[in-house]
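# Observations on chain architecture
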Amino acid sequence: PQWRGPNRDGAVTSFAEPRIWPERLTRKWQVSVGTGHSSPVVANQRAYLLSRVGEQENVSCFDLDTGKLLWRDAYPAPYTMDSAATSHSKGPKSTPVFHNSKLYTLGISGILSCYDTAAGKVRWRKGFAAQYPRTSPLYGAAMSPMVDRGLLIAHVGGTDNGALIAFDGETGEPRWSWKGDGPGYASPIIVEVAGTRQIVTQSQKYLVGISAANGDLLWSIPFTTPYIQNIVTPVLYKDTLIFSGLDKGVMAIRVIKQGSIWSTAKVWENSEVSFYMSTPVIKDNLLVGMSHKRRGQFVCLDANSGATLWTSEGRRADNAAILRLSDTLVLLTSDAELIIARTGRGAFEVLRSYTVARSPTWAHPALTGTSILIKDAETLALWRLE
């Protein structure tokens, strides 16, 4: 129902994992939807997608079984992509979130919308041009909103000027905001750390922990990557937070509270690999991800110590979406290769590999039942195991 699944940790809970994966997948339907890296989300046998057609952003709802369009809303969203990122199209890049029969979307230029999914109607919509001269980061809004206890959390605004805001999910009215930094391209997670519920994310220049109750800054760590590209969603492992960035290695910290004073302590650091646009997953006590080094290689670290356990050969792809099933990993590369793999401390075993598109696949797949939804450059397709 949202970015990286119900708990934002890449764990898939709604998929019927087969004992033996078939030699091939069967494509049941495919529809033209427009451009964008936004991932499809699934709820109540419906698939929802945020995409772009021309100078409009589209929010679409499809019947999961047939691919039939049930409703679509389109709104003007003119956007000029920075020349350094033209190959990625004009987005959108942010994945919607479904909650209590409502769908929340964030467009590449910072347009935030709430939909009644039964009727396909806009409940409320907000733009932020009046508050922020730059309504999105340099390469467009990419953080995926989330819902926590009735509040919609979104980091809006642009370079050097933005706010992490909690909006009332029903009305869109702001309840609190943190204005300490502009948004990065990462998406936040909710964690209970040191007895306090908090939002952890990479902003433009920091890794931060924000009180989920009132928006107060609890702690922060300066963190910047080349070209100001903080992208990776933080990962919680036991009582440590793991994060990374372009050419920054991988780090784990522990958040500490003594009285009213918050601080952080480094648990481990690994400079041998780095995550750029791909967020890793935890499998047992292993951290598995795609490092941008060697032009893209899968890697496995000991989540307790940070030690490198194995690395695959390089040149696998520019990026990969990584999800965790109970027994296996599902990895979708940006080259449209869907890999089913088993991993342990000593090996990366590919069980099956499928070609699922003829154009790049930057969006995460959505797995449900025996179905796998794949968004490529221009289309959305449903593949089944049988």
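Whatever comes next refers back to the structure up there.
Attention here is on the structure that accompanies the text. (Residues numbered from 1 in each chain as written. Predicted model: local features only at pLDDT ≥ 70, side-chain atom pairs only at ≥ 80, totals over all residues. Heavy atoms only, no water.)

Right, let's get into the overall build of the protein. Across its full length, the protein holds zero helices and 32 strands. Its C-alpha atoms give the protein a radius of gyration of 20 Å, near enough to 21 Å, the size a compact globule of 386 residues would have. Dimensions of the protein along its principal axes, counting C-alpha atoms only, are 55 × 50 × 40 Å. Looking at the protein alone, contacts between residues at least 24 apart form 51% of all its contacts between residues at least 6 apart. In the form shown here, the protein has an accessible surface area of approximately 15,400 Å², with 47% of it arising from carbon and sulfur atoms. (Helix = DSSP H or I, 4+ residues; strand = E, 2+ residues; numbered from the N terminus. Rg over C-alpha atoms; globule rule 2.2 N^0.38 Å. Contact = heavy atoms within 4.5 Å. Areas by Shrake-Rupley, 256 points an atom, 1.4 Å probe, with all protein chains shown as cover.)

The full count for this structure, using the stated rule, is 12 aromatic pairs. Ring geometry for Tyr 139 versus Tyr 185: centroids 6.0 Å apart, planes at 35 degrees, classification tilted. Residue Tyr 139 is found in the loop between strand S9 (121-126) and strand S10 (146-148), and its partner Tyr 185 is found in the loop between strand S13 (174-178) and strand S14 (189-193); the two are separated by 46 residues along the sequence. Tyr 185 gets classed as buried once you look at its relative accessible area, which sits at 10%. With a centroid separation of 5.1 Å and an interplanar angle of 35 degrees, the aromatic rings of Trp 310 and Phe 348 are classed as tilted. Here Trp 310 is found in strand S25 (residues 308-311), whereas its partner Phe 348 is found in strand S29 (residues 348-355), with 38 residues between them in sequence. Taken individually, Trp 310 and Phe 348 each receive the classification buried, so the pair is uniform in this respect. Chaining the aromatic ring pairs together yields one cluster made of Tyr 48, Trp 71, Phe 98 and Tyr 115. The side chain of Arg 125 reaches across the aromatic face of Tyr 75, ending 4.2 Å from its centre. (Phe/Tyr/Trp six-rings, centres within 6.5 Å; stacked < 30°, edge-to-face > 60°. Buried < 20%, exposed > 50% of the residue type's maximum accessible area, 1.4 Å probe, protein only. Lys NZ or Arg CZ within 6 Å of the ring centre and 35° of its normal.)

Within the structure shown, the criterion is met by 17 salt bridges. With a shortest N-O distance of 2.7 Å, Glu 55 and Lys 90 are connected by a salt bridge. Taken together, the residues span a long stretch of sequence, with Glu 55 in the loop between strand S3 (46-53) and strand S4 (56-63) and Lys 90 in the loop between strand S5 (69-76) and strand S6 (97-99) at a distance of 35 residues. The class for Lys 90 is partly exposed, based on a relative accessible area of 29%. Here Asp 168 ties to Arg 175 by a salt bridge, and the two come within 3.1 Å at their closest N and O atoms. Each of Arg 52, Glu 55, Glu 57 and Lys 90 takes part in a single network of salt bridges with overlapping partners. (Salt bridge = Lys/Arg side-chain N within 4 Å of Asp/Glu carboxyl O.)

What follows is about the pairing of strand S32 (residues 379-384). The buried count for S32 comes to six of six residues, which makes it a mostly enclosed element. Residues Thr 379, Ala 381 and Trp 383 point to one face of S32 and Leu 380, Leu 382 and Arg 384 to the other, with burial holding for every one of them. Where strand S1 (residues 26-32) lies against S32, six bridges are found, and the strand directions are antiparallel. Within S32, the position partnered with Ser 32 by the bridge is Thr 379. Where strand S31 (residues 371-375) meets S32, five bridges bridge the pair, whose relative direction is antiparallel. Directly across from Lys 375, in S32, lies its bridge partner Leu 380. In textbook terms, the turn of a hairpin is the stretch between consecutive antiparallel strands, and for S31 and S32 this stretch comprises three residues. (Pairing = 2+ DSSP bridges.)

Across the sheet, which stays open at both edges, the four strands sit in the order S10-S11-S12-S13 with antiparallel pairing between neighbours. Either end of the sheet is taken by a strand with one partner, and the two such strands are S10 and S13. Adjacent strand axes in the sheet meet at a mean angle of 30 degrees, parallel and antiparallel pairs treated alike. Taken together, the three bridges between S10 and strand S11 (residues 151-158) define a ladder with antiparallel strand orientation. Residue pairing across strands places Met 146 opposite Ile 153, the latter belonging to S11. (Axes fitted to C-alpha atoms, helices over the stretch in contact; angles between N-to-C directions.)

Mapped onto the elements of the fold, Thr 240 is located in strand S19 (residues 240-244). In this structure Thr 240 touches Val 235, Ile 253, Arg 254 and Val 267, once residues within four positions along its chain are discounted.

Quick look at the layout of surface pockets now. Where empty space is left in the structure can be found by rolling a water-sized probe over the atoms. For the largest pocket, the calculated volume is near 600 Å³. Around the largest pocket, the lining is made up of 26 residues, and of these His 37, His 88, Lys 93, Ile 231 and Met 277 lie nearest the centre. (1 Å grid on protein atoms, 1.4 Å probe; cavity = no way out; pocket = protein on both sides within 12 Å on 5 of 7 lines; lining within 4 Å. Points joined across faces, edges and corners; volume = space filled by probe spheres on them.)

The next point concerns the state of the cysteines. On inspection of all chains with the given rule, the structure shows zero disulfides. In this structure Cys 114 is not part of a disulfide, and its nearest cysteine sulfur, from Cys 61, lies 14 Å away. With a relative accessible area of 0%, Cys 114 lands in the buried category. (Disulfide = S-S within 2.5 Å.)

The antiparallel open sheet is built from four strands, whose spatial order is S26-S27-S28-S29. Bordering the open sheet on either side are strand S26 (320-324) and S29, each of which pairs with just one other strand. Strand-to-strand twist across the sheet, computed as the mean angle between neighbouring axes with direction ignored, equals 20 degrees.

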